[in-house]
Amino acid sequence: MSFKVFIFYFFSVVLLLAAVRVITARNPVHSALFLVLAFFTAAGLWMLLEAEFLAISLVLVYVGAVMVLFLFVVMMLDINLEELRQGFWDYLPHGLIVGGLMVVEMAMVLGARYTEAGWADLGEQVSNTKALGQVLYTQYVYPFELAAVLLLIAIVAAIALTLRRRKDTKYQNPAKQVQVKRGDRVRLVSMPAEKAKKGE
Amino acid sequence: MDFPVVELSPLYPEILLLILASGILLLDVLLGDERRFITYVLALLTLLACGALTVFTGEFRTTYAFGGMFVDDVLADALKFVAYISVFVVLVYSRAYLIGRNLFQGEFFVLVLFALLGMMVMISAHHFLVLYLGLEILSLSLYALVALHRDSAVATEAAMKYFVLGALASGMLLYGISMLYGATGALDIETMARTLREGVEAPMVVVLGLVFVVAGLAFKLGAAPFHMWVPDVYQGAPTPVTLFIGTAPKLASFAFAMRLLAEALQPLLADWRDMLMILAILSMLVGNVAAIAQTNIKRMLAYSAIAHMGFMLLGILSGTINGYSSAMFYVLTYVAMGLGSFGIILLLAREGFEAENLEDFKGLNARNPWYAFLMLLFMFSLAGIPPTVGFYAKLSVLEAVVKIGHTWLAVVAVLLSLVGAFYYLRIVKLMYFDAPVDQAPVAPQADVGLLLSANGAAILLLGIFPQPLMALCAHAVLVSL
C-alpha cells in the first residue's frame, strides 16, 4: 500500500467518523466542531485529487466563514436540546429508507457504465487555480463582471431592506457639537444682588 | 492562450447604464431627503442617455462580443429601446405615489436601473451562463423592490413568496441547463443549436433537460401551472413596483424565451411545442376564469397578465417567423396596455388610499371623463376589442396558429378571450353606469396626465395603423434568427 493510498484511507475514515459524530453528538457545539473536522478532511481528499483550488476554497469559505458563523449562532442561542432530540426514533425509519434509496441510486449510477470510463485526460498539467484564473479573466470575463454586479445589488438590497433610522433613537451630531458656542449652553441671568440678612 | 481582442462597442448602452446607476448610488448617499428629486431626475436622464446611445450605435446587423457570449441584433435593440421607454414611464407614473408613501428613496431608482440592466443582459445574452446571470440580476432587484415598503406586512409576505418561488424556478432552470450541457457539451447558444441539429448520443437527457428549462421559463413568465406567485406579488407589492414588474420584465422574458427556445433549442421544436401548448391553454383558462372572481383590481390584472402570457406563448409555439413576430408584437403592445392600466390605478391612489378595489372605479366618468375614457381604451385593448391594438395583437397571433394547422387551438383561445372580456367590461360598466362612491377630484400633475394621454393615444393609433410596428417586429425577428 503506497503512502498516497494510506493517506486516502486515513482521511476517509476520519471523514466518515466525523460525519457520524455530527449527527450523533449530544452537544450542538460539538456537532459543529465535528462538521469543521469533516470539512477539513474532505479538503484533504480533494488535495489528493490535485483539486487544490476546491480544497482551499472549502477551507476558506466553509471552515473560515460559514462554520464560524454557525458556531456563533449555536453559542448565542439558547437551544433546548431535549426538544430537538424528541422524535429521533420516530424519524429514524424514514431516514433509513431515504438513505437506503440514495445508496441504491448511487450504486446504479456509479456501478454500471462509469467505472470503466477511467479518468478524463487532464491535459497539460498546470495548477488548477492558475487554469481557473486564466479563463475567468479572459474567456469568462463578461459573466464574471455580471456576477460582480449581482453582488453589488445584493449589498444594496440588503442595506435598503434592513437599515432603519429610527426616529426615537438619540444620536450625536459631532459637527454641531464642535461648533457649539458658549451662548448655546450657558445663559447669563442678571439678578439683583441680595442683601445679607442681619445677624449673619 | 488565444483570446480575441474584446470588442466593447456593442455593449456601450449596458456599460453606460452600469456606470450611471453606480454614480447615482454614490451621489444619492450625499443627498438629503429634501433633495431626493435630483436622484429622480438623474434616473430619468440616464434612461434618455441609454436610449440615445442605443439608437445611435444601433446597427442593422448582428454583432457579437466576448467570444459570442453577447449578441447585439435588431431584436435586442428594439426590445431594449422599448424597455427604456417603459421604465421611463414607470418612473414618471409612480412619482406622486412614492412621495406620498415615503418610498421616494434613492434605492428605489437604483434598484429599478439595476433591474433594467439585468433585462438588457438577458435580451442580449447568447450564452446560457449570461442568460442566467441576467435573470438573477433582474430577479434580485425585483425581490428587493417588492419588499421595499417594509412596514407593510402584505408586501413582505409577497416578497417572501416571490423570493422562494423564484429561487425554486432558478434551480429548475439551472438543473435543466446542466442536463442540456451534459448532453451537448455546450453552453453557447449557437453551438448548442448546431450540436442538437447534428444529433446527440442521449436524446432522452436533452428532452428531460428541456422539460426543466421550460418549467423554469414558465415560472418566470408567470404561465399556469407555474403562476402561483403572480397574483400575490401583484397584489402585495406597492403599486409602482407592480407596474414595473408587470411591464418591462415581460420584454426580457420574451427575449429569454426567444433565445432559449427559438435559437438554442429550435431543433427540438416538436418537443417544446406540445409543452407550450399545455402551458398556453392552462394559462388562458386559469387567468381568464380566476380573474372574474377578483374584487381587487391589482389581483384581477395579475390574472389577466397570466392569460396574456398564455396568448403570447401561442405565437412562440407556432415556431414560424410569423409566429415569433406576432408574439413580439403582442408583448410590446401588452407592455403599453399594462403601463396604462396600472398608471390609472396610480393616478387614483392618494395618500392613505390605494384605489385597488373595483368599487373605487365606480362613477369615474362623473369624476373625470377623460381618464375614464383612457381606462376604457386600456380595458378594451386588454379585452381585444377593435379598434384598439389589443385586437390586432390577438388577431396576428391567431393567424400564426391557424397557419400551422392548429385551428382548434385558435378556437379555444378565442372562446377563453370571450370569457375574459367579461371582467374588463365590468370595469367599464362600473366607471360609466354606477354612481361614484368617492368624490375626491382626479387631478394629476401635468406630465403624468400628458404621458397617460399619450399612452392611450398609442393604444388607439397602433390599433388603427399596426403595420409599421408589425413590420418592425417581423424585420427584427427575421434578421436576428
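None of the values given here were measured: they were computed from a predicted structure.

Calculation notes
- Residues numbered from 1 in each chain as written.
- Chains lettered and ligands numbered in written order.
- Predicted model: local features only at pLDDT ≥ 70, side-chain atom pairs only at ≥ 80, totals over all residues.
- Heavy atoms only, no water.
- Helix = DSSP H or I, 4+ residues; strand = E, 2+ residues; numbered from the N terminus.
- Rg over C-alpha atoms; globule rule 2.2 N^0.38 Å.
- Buried < 20%, exposed > 50% of the residue type's maximum accessible area, 1.4 Å probe, protein only.
- Contact = heavy atoms within 4.5 Å.
- Areas by Shrake-Rupley, 256 points an atom, 1.4 Å probe, with all protein chains shown as cover.
- Lys, Arg positive; Asp, Glu negative; His and termini not counted.
- Charge placed at Lys NZ, Arg CZ, Asp CG, Glu CD.
- Polar contact = N/O pair within 3.5 Å; in protein donor to acceptor, adjacent residues only side chain to side chain.
- Expected span 1.5 Å × (residues − 1).
- Bend = angle between axes of the 7 residues up to and from the residue.
- Axes fitted to C-alpha atoms, helices over the stretch in contact; angles between N-to-C directions.
- Left-handed = near helix turned anticlockwise from the far one by under 90°.
- Nonpolar A, V, L, I, M, F, W, Y, C, P; charged D, E, K, R; others polar.
- Buried area = accessible area lost by both parts, 1.4 Å probe.
- Salt bridge = Lys/Arg side-chain N within 4 Å of Asp/Glu carboxyl O.
- Domains from an automatic or database assignment.
- Phe/Tyr/Trp six-rings, centres within 6.5 Å; stacked < 30°, edge-to-face > 60°.
- Patch = residues over 30% accessible without salt bridge, like charges linked within 9 Å, V, L, I, M, F, W, Y side chains within 5 Å.
- pLDDT = per-residue confidence, 0-100.

Novice: Any chance you could explain the overall build of chain B here in plain terms?
Specialist: Of regular secondary structure, chain B possesses 20 helices and two strands. Against the compact-globule benchmark of 23 Å for 481 residues, chain B has a radius of gyration of 22 Å, which places it among compact chains. The buried share among the 481 residues of chain B stands at 62%. Residue pairs in contact within chain B that sit at least 24 positions apart in sequence constitute 81% of those at least 6 positions apart. On chain B, roughly 17200 Å² of surface is accessible, and the fraction owed to carbon and sulfur atoms is 69%. Charge separation in chain B, taken as the distance between the mean sites of 23 positive and 31 negative side-chain charges, equals 7 Å.

Novice: What is the right way to read the side chain of N288 of chain B from this model?
Specialist: All names here are of chain B. Note that N288 resides in helix 12 (residues 269-292). With a relative accessible area of 5%, N288 lands in the buried category. Within the local environment of N288, its side chain forms a polar contact with the backbone oxygen of L416, the two atoms lying 3.0 Å apart. Excluding residues that lie within four positions of it along the chain, N288 makes contacts with S283, A307, L416, S417, V419, G420 and Y423.

Novice: What is the right way to look at helix 3 (residues 74-100) of chain B in this model?
Specialist: Each turn of an α-helix holds 3.6 residues, which means side chains three or four residues apart point in the same direction. All names here are of chain B. Over its 27 residues, helix 3 extends 40 Å from the first C-alpha to the last, a length consistent with the 39 Å expected when each residue adds 1.5 Å. Its axis deflected by about 45° at S94, helix 3 carries its strongest bend there. Across the 27 residues of helix 3, 20 count as buried, placing the element largely inside the fold.

Novice: Help me out: how do you make sense of the packing of helix 9 (residues 229-236) of chain B against helix 13 (residues 297-317) of chain B in this one?
Specialist: Each pair of packed helices can be summarised by the angle the axes make with each other and by the distance between the axes. All names here are of chain B. Running from amino to carboxyl end, helix 9 crosses helix 13 at an angle of 145°, the nearest separation of the two axes being 8 Å. Judged by the twist between their axes, the crossing of helix 9 over helix 13 is right-handed. Two secondary-structure elements touch here, helix 9 through V230, P231, D232, Y234 and Q235 and helix 13 through K298, R299, L301, A302, Y303, A305 and I306. Here the contact of helix 9 with helix 13 is built from residues that sort into eight nonpolar, one polar and three charged.

Novice: Explain the interface of chain B and chain A to me, please; I cannot follow it from the model alone.
Specialist: Taken together, the contact between chain B and chain A spans 27 residues of the former and 22 residues of the latter. Approximately 2200 Å² of surface area, both sides summed, lies buried where chain B meets chain A, with 82% of it carried by carbon and sulfur atoms. Taken together, the connections running from chain B to chain A amount to zero salt bridges. The interface formed by chain B and chain A contains three residue pairs in polar contact (both at pLDDT 80 or more). Looking at the side of chain B that touches chain A, the elements that each hand over two or more residues are helix 1 (12-30), helix 4 (106-123) and helix 5 (128-146) of chain B. Considering each element in turn, the side of chain B that touches chain A owes the most residues, eight residues, to helix 5 of chain B. Of the residues assigned to the side of chain B that touches chain A, the class counts are 20 nonpolar, three polar and four charged.

Novice: Please clarify how the domain arrangement of chain A should be interpreted in this entry.
Specialist: Accessible area lost during the coming together of the parts is what is often quoted as the interface size. Residues and elements named next belong to chain A. Once the domains are mapped, chain A shows domain 1 (1-83) and domain 2 (126-162). Taking only C-alpha atoms, the centre of domain 1 and the centre of domain 2 are 27 Å apart. In this complex, domain 1 contributes four residues to the contact, which on the side of domain 2 involves four residues. Interface area, domain 1 with domain 2, both sides summed: about 320 Å², of which 52% is carbon and sulfur. Where domain 1 touches domain 2, the interface holds zero salt bridges. A class-by-class count of the residues in the side of domain 1 that touches domain 2 yields two nonpolar, no polar and two charged.

Novice: Help me understand the side chain of R299 of chain B in this model?
Specialist: Residues and elements named next belong to chain B. In this fold, R299 is placed in helix 13. Classification of R299 as buried rests on a relative accessible area of 19%. A polar side-chain atom of R299 sits 3.4 Å from a polar atom in the side chain of Q294.

Novice: Would you mind showing me how to read the packing of aromatic side chains here?
Specialist: In this description, a pair of aromatic rings is defined by centroid distance and the angle of the planes. Residues and elements named next belong to chain B. Summed over all chains, the structure comprises 24 aromatic pairs over all chains. Summarising the aromatic geometry, the rings of F37 and F104 are spaced 5.9 Å apart at their centres and angled 40° between planes, so their arrangement reads as tilted. In this pair, F37 is assigned in helix 2 (residues 37-57) and F104 in the loop between helix 3 and helix 4, connecting sequence segments 67 residues apart. Looking at F104, the relative accessible area reads 13%, which means it is buried. Seen from their ring centres, Y423 and Y424 are 4.4 Å apart, and the 45° between their planes marks the pair as tilted. Among the residues examined, Y423 registers a relative accessible area of 0% and is labelled buried. The buried category is assigned to Y424, whose relative accessible area is 2%.

Novice: What am I meant to see in helix 4 of chain B here?
Specialist: The end-to-end C-alpha distance of helix 4 of chain B is 26 Å, a good match for the 26 Å that 18 residues give at a rise of 1.5 Å each. Counting buried positions along helix 4 of chain B gives 17 out of 18 residues, so the element sits mostly inside the fold.

Novice: Please clarify how unusual backbone geometry should be interpreted in this entry.
Specialist: Glycine aside, the phi torsion of most residues is negative, and most peptide linkages are trans. Backbone torsion omega between A224 of chain B and P225 of chain B reads 0°, so that peptide bond is classified as cis. Secondary-structure assignment places P225 of chain B in the loop between helix 8 (203-221) and helix 9. Even without glycine at this site, E50 of chain A takes up a positive phi of about 65°. Note on E50 of chain A: relative accessible area 44%, which makes it partly exposed. For A355 of chain B, which is not a glycine, the phi torsion comes out positive at approximately 55°.

Novice: What's the story with a nonpolar patch on the surface in this structure? I'm lost.
Specialist: Residue and element names in this part refer to chain A. A cluster of nonpolar side chains, namely M47, I56, L60, V61, Y62, V66 and F70, defines an oily patch on the protein surface of about 640 Å² accessible area. Broken down by element, the residue count for the nonpolar patch peaks at six residues, all from helix 3 (residues 52-76). Tracing the backbone shows Y62 in helix 3. On the basis of relative accessible area, Y62 is assigned to the partly exposed category, the value being 39%.

Novice: Looking at this model, I keep getting lost on the confidence of the model for chain A. Mind explaining?
Specialist: The predicted coordinates of low-pLDDT regions are not to be read in fine detail. In the predicted model, chain A carries a mean pLDDT of 83, and 84% of its residues have values of at least 70. At the low end of the mean pLDDT range in chain A sits helix 4 (residues 81-85) of chain A, at 67; at the high end sits helix 7 (residues 141-162) of chain A, at 93.

Novice: Any chance you could explain the pattern of salt bridges here in plain terms?
Specialist: A side chain with one charge may pair with a side chain of the opposite charge, provided their charged atoms come close. Across all of its chains, the model carries eleven salt bridges over all chains by this definition. Residues participating in the shared-partner salt-bridge network are E157, K161, D232 and R299 of chain B.

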